[in-house]
Amino acid sequence: MPTRVLLIIFCILSTSFASAQEGSSINIRKVVIDAGHGGRDPGTVSPNGKFKEKEITLSVALKLGALIENKYPNIEVIYTRTKDVAVALNKRTEIANKNKADLFISIHVNGVTSRSPSGSETFVMGADKSNSNFQVTMLENSVILLEGEDYQSHYEGFNPNDPESYIIFTLLQNAHLEQSLNMATLVQKHLTKGPIKVNRGIKQAPFLVLWKTSMPSVLIELGFISNSGDLKILANKNNHNTLASLIFDAFEEYRKKYDKGYNNLDYITPNQKSEEKGNQKTESNQIHYRVQILSVNKTIPFNSRELKGEKNVEYLKKNSLFKYTIGQYKTREEAATALKEIRKKFPQAFIIRVKNNTIIN
Ligand SMILES: [Zn+2]
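Reading guide: rules and limits
Residues numbered from 1 in each chain as written. Predicted model: local features only at pLDDT ≥ 70, side-chain atom pairs only at ≥ 80, totals over all residues. Heavy atoms only, no water. Donors = N, O, S within 2.8 Å, 3.2 Å for Na, K, Ca; no water. Helix = DSSP H or I, 4+ residues; strand = E, 2+ residues; numbered from the N terminus. Buried < 20%, exposed > 50% of the residue type's maximum accessible area, 1.4 Å probe, protein only. Axes fitted to C-alpha atoms, helices over the stretch in contact; angles between N-to-C directions. Parallel < 35°, antiparallel > 145°, perpendicular 65-115°, else oblique. Contact = heavy atoms within 4.5 Å. Nonpolar A, V, L, I, M, F, W, Y, C, P; charged D, E, K, R; others polar. Pairing = 2+ DSSP bridges. Expected span 1.5 Å × (residues − 1). Arc of directions from axis to C-beta.

(A) Representation of the coordination of the zinc ion. Taken together, H37 (NE2), E53 (OE), H108 (ND1), E140 (OE) and E140 (OE) make up the full set of protein donors to the zinc ion, lying 2.1 to 2.3 Å away. When the donors of the zinc ion are listed by position in the chain, the intervening gaps give H-x15-E-x54-H-x31-E. You can see E53 sitting in helix α2 (residues 53-71) and its partner H108 sitting in strand β3 (residues 103-110), a full 55 residues away along the chain. For the pair E53 and H108, one class covers both residues: buried.

(B) Inspection of the packing of helix α8 (residues 228-235) against helix α9 (residues 237-258) at higher detail. At a minimum axis separation of 5 Å, α8 and α9 run at an interaxial angle of 90 degrees. By the criterion of interaxial angle, the relationship of α8 to α9 is roughly perpendicular. Contacts between α8 and α9 involve K232, I233, L234 and A235 from the first element and K237, N239, H240 and L243 from the second. Within the contact of α8 with α9, the residues separate by chemical class into four nonpolar, two polar and two charged.

(C) Representation of the sheet that holds strand β10 (residues 350-355). Pairing is antiparallel across the open sheet formed by five strands, whose spatial order is β8-β9-β7-β10-β11. Looking along the sheet, the strands with just one partner apiece sit at the ends: β8 (313-318) and β11 (358-360). Ignoring which end each strand starts from, the neighbouring axes of this sheet average 50 degrees apart. Pairing of strand β7 (residues 288-296) with β10 involves five bridges; the strand directions are antiparallel. Its bridge partner lying in β10, R290 is registered against I352. Set on the sheet, helix α11 (residues 332-345) makes contact with β7, β9 (321-329) and β10; between it and β10 the angle comes to about 140 degrees.

(D) How the structure looks around the pairing of β8. One ladder, built from six bridges, connects β8 with β9; its direction is antiparallel. Looking across to β9, one finds that L316 is bridged to K323.

(E) Structural context of α2. Here α2 contains 19 residues, and its C-alpha end-to-end distance of 27 Å stays within 8% of the 27 Å for a straight helix at 1.5 Å per residue. Listed as buried for α2 are E53, K54, I56, T57, L58, S59, V60, A61, L64, G65, I68 and E69.

(F) Representation of helix α4 (residues 134-141) in the model. Here α4 has its buried residues at F134, V136, T137, E140 and N141. Down the axis of α4, the buried side of the element spans an arc of 165 degrees, and every buried residue falls inside it.

What follows is the structure, given as structure tokens:
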């Protein structure tokens, strides 16, 4: 990438940090996690043919989603896929837009014919005049050719293999560029602390999957499946946890920077009284009542079917069970009123007494 382009990005970045500090605030309530490729589209494949991008992206995406769901019950995580299925690029965007998501994170793995490139890079949507990212952009966009003969009708006549097609992007104005660049910077900051150390930086390129998202969005290339060092790391499932938690760290930092509701939204589990929350006075310190709707032996995603779309669910751990609850009520009477309503959806629901995030008799 030429120095001039880099400079421009840095300029945009430094203003974005400044304005974020000045108090531009967004709510982050819904996050879309997009596992690249899937189904008949394997994405890039390791030189020995054993490892496929679609498997690595799905594994990291689900782990990232679980981290967000478990720590922030009030944030809804929406996946573009949770299985090995093909999802068209415009469908992925549509999922994010229809749900009015606040952040879109697309996860990919790089692959080139040369074995030497390695490292992670994060893209935001934009016209890439340098052409240096053209190979990876074309590769990621070319999956629409698998979407059937009329694919062009979904992408305004766009042909991923025709350089002329990319001209439509040069006029692009991205309203969310500031936040996108910010998130991309944080992803690179944290990812490069992990097993794949080479930092290929943040880049702008015209990725179709980011093109029409109406929220801040990034596309992460975790590393190169074509590089033996990166592949060794990407092929090991234990590293997927690490990679997911590094992206999670970036997400948390992004959220702290932008989301003014951050503290109110946070939830502490009994064994997790973090420094952040240490001196924050919440109702949880006093005896209060909640309505328990479910008890399970492991945590479940907050968008799982068992929770029936209920938004304000929290959980408390008791012995080895996770008790999912709704509401925090000062009196038993208030809880009883709420219970009547809640039982319409959860007939087994009942009232529990809680102090310091511990269920008391
Ligand atoms: Zn990909």
